[in-house]
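# Overview (structure and organization)
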Amino acid sequence: MTDAESISIRTIRPEDNAAIAKIIRDALAEFGANHPGTVFDDPSTDHLYELFSATPRSVYFIAERNGIILGGAGIYPTEALPDGTCEIVKIYLSPQARGSGLGGTLIRKSLEAAKDFGYSQVYLESMPELRQALSVYEHYGFRYIPAAMGNSGHTGCDVFMIRAL
């Protein structure tokens, strides 16, 4: 993917639900991370517009090029996280978008939104199978922590990271 100027990033719309859910599930299956207790089998994955539009201090960004959805990422005030903490969630890209820097752009946009909403730190959950993503998170200042925070319901995740804003 070379034509970066034609990529737009916007907030999720209702008509994006099916396409972004497919990107998320296809990526998890591709990397062997389509486990129970992850976003793979989370019913909210099919209704991200509704989830984020109904939740204060949350946002989900969609990246698209020429009307084709390439991926997305967002921030969410996951239940039982410490005060001032949100979770960066559902950061997934289609295969043709990977390696282009778009993931970093979505992470930066999400971190900016978290700061704008007044959060002081951002938490994330992942899996060892997504090691390429883990190195990107490290690059953006996330550090490993020993245990889960909050109550995401994603018991299939066993890698936890946090970053101060």
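A brief report on the enclosed structure follows. Counting starts from 1 at the beginning of each chain's written sequence and moves along it residue by residue. Two thresholds apply to this predicted model, a pLDDT of at least 70 for residue-level local features and 80 or more for giving and counting side-chain atom pairs, whereas whole-chain, interface and lining totals are computed over all residues. Calculated side-chain values reflect all of the structure's heavy atoms, with hydrogen atoms and water omitted.

Let us now look at the overall build of the protein. Segments assigned H or I by DSSP are reported as helices when at least four residues long, segments assigned E as strands when at least two residues long, and all are numbered from the N terminus. Helix and strand counts for the protein stand at four helices and seven strands. Along its sequence from the N terminus, the protein presents helices and strands in the succession β-α-α-β-β-β-α-β-α-β-β. Every radius of gyration here is taken over C-alpha atoms, with the globule rule written as 2.2 Å times N^0.38, N being the number of residues. Taken over C-alpha atoms, the radius of gyration comes to 15 Å for the protein, in line with the 15 Å a tight globule of 165 residues would show. With the principal axes as the frame, the protein shows a C-alpha extent of 40 × 35 × 30 Å. To sort residues, take the accessible area from a 1.4 Å probe on protein chains only and compare it with the maximum for the residue type: under 20% means buried, over 50% means exposed, and anything in between is partly exposed. Across the 165 residues that make up the protein, the buried fraction comes to 47%. Contacts are assigned to residue pairs with any non-hydrogen atoms lying within 4.5 Å of each other. In the protein, the proportion of contacts linking residues at least 24 apart, taken out of those at least 6 apart, comes to 66%. What sets the accessible areas is the Shrake-Rupley method with a 1.4 Å probe; for residues, cover comes only from the shown protein chains. When the accessible area of the protein is evaluated, it comes to approximately 7,900 Å², of which 52% is carbon and sulfur surface. Under this rule, positive means Lys or Arg and negative means Asp or Glu; His and the chain ends count for nothing. Lysine's charge is taken at NZ, arginine's at CZ, aspartate's at CG and glutamate's at CD. The averaged location of the 20 negative side-chain charges in the protein is 5 Å from the averaged location of its 14 positive side-chain charges.

What follows concerns the packing of aromatic side chains. Any two rings among Phe, Tyr and Trp, with Trp reduced to its six-membered ring, count as a pair given centres within 6.5 Å; such a pair is stacked if its planes are under 30 degrees apart, edge-to-face if over 60, and tilted if neither. Applying the stated rule across the entire model yields three aromatic pairs. A network of ring pairs unites the aromatic residues Phe52, Tyr60 and Tyr76 as a single cluster. Cation placement over rings: the criterion is NZ of Lys or CZ of Arg within 6 Å of the ring centroid and within 35° of the ring normal. The ring of Tyr119 carries the charged tip of Arg57 above its face, separated from the ring centre by 4.0 Å.

Looking now at the pattern of salt bridges. When a carboxyl oxygen of Asp or Glu lies within 4 Å of a side-chain nitrogen of Lys or Arg, that pair is called a salt bridge. Per the stated rule, a full pass over the model turns up five salt bridges. Between Lys22 and Asp26 there is a salt bridge, with its nearest N and O atoms 2.6 Å apart. Of this pair, Lys22 and Asp26 both sit in helix α1 (residues 17–30), four residues apart, which is roughly one turn of that helix. Here Glu30 makes a salt bridge to Arg98, at a shortest N to O gap of 2.9 Å. Linking Glu30 in helix α1 with Arg98 in the loop between β4 (85–93) and α3 (102–116), this pair joins segments that are 68 residues apart in sequence. Given the relative accessible area of 46%, Glu30 is considered partly exposed.

Before going further, it helps to examine the sheet that holds strand β3 (residues 68–76). For two strands to pair, DSSP has to find at least two bridges joining them. In spatial order, the strands read β1-β2-β3-β4-β5-β7-β6; together these seven strands make up an open sheet with mixed pairing. The strands lining the two open edges of the sheet, one partner per strand, are β1 (7–11) and β6 (143–145). Along the sheet, successive strands turn relative to each other by an average axial angle of 30°, direction set aside. Pairing of β6 with strand β7 (residues 159–164) involves three bridges; the strand directions are antiparallel. Bridging from a neighbouring strand, Ile145 pairs with Phe160 of β7. Interaxial angle, 0 to 180 degrees, is taken between N-to-C directions of lines fitted to C-alpha atoms, where a helix line uses only the stretch in contact. Here helix α4 (residues 131–139) sits on the sheet in contact with β4, β5 (121–126), β6 and β7, set at roughly 20° to β7.

With that settled, the discussion passes to the layout of surface pockets. Regions of empty space are outlined by a rolling probe, equal in size to a water molecule, passed over the atoms. The computed volume of the largest pocket comes to approximately 910 Å³. Cavities and pockets were defined on a 1 Å grid built from protein atoms only: a cavity is a group of points that admits a 1.4 Å probe but offers it no way out, a pocket is an open group of points flanked by protein on both sides within 12 Å along at least five of seven lines, and a lining residue is one with an atom within 4 Å of any such point. Together, 42 residues line the largest pocket, and Lys90, Ile91, Tyr92, Ala133 and Tyr137 are the ones closest to its centre. Where the lining of the largest pocket is concerned, the elements lending two or more residues are α2 (48–53), β4, α3, β5 and α4. The biggest single contributor to the lining of the largest pocket is β4, with seven residues. Grid points are joined across faces, edges and corners, and a volume is the space filled by probe spheres set on the points.

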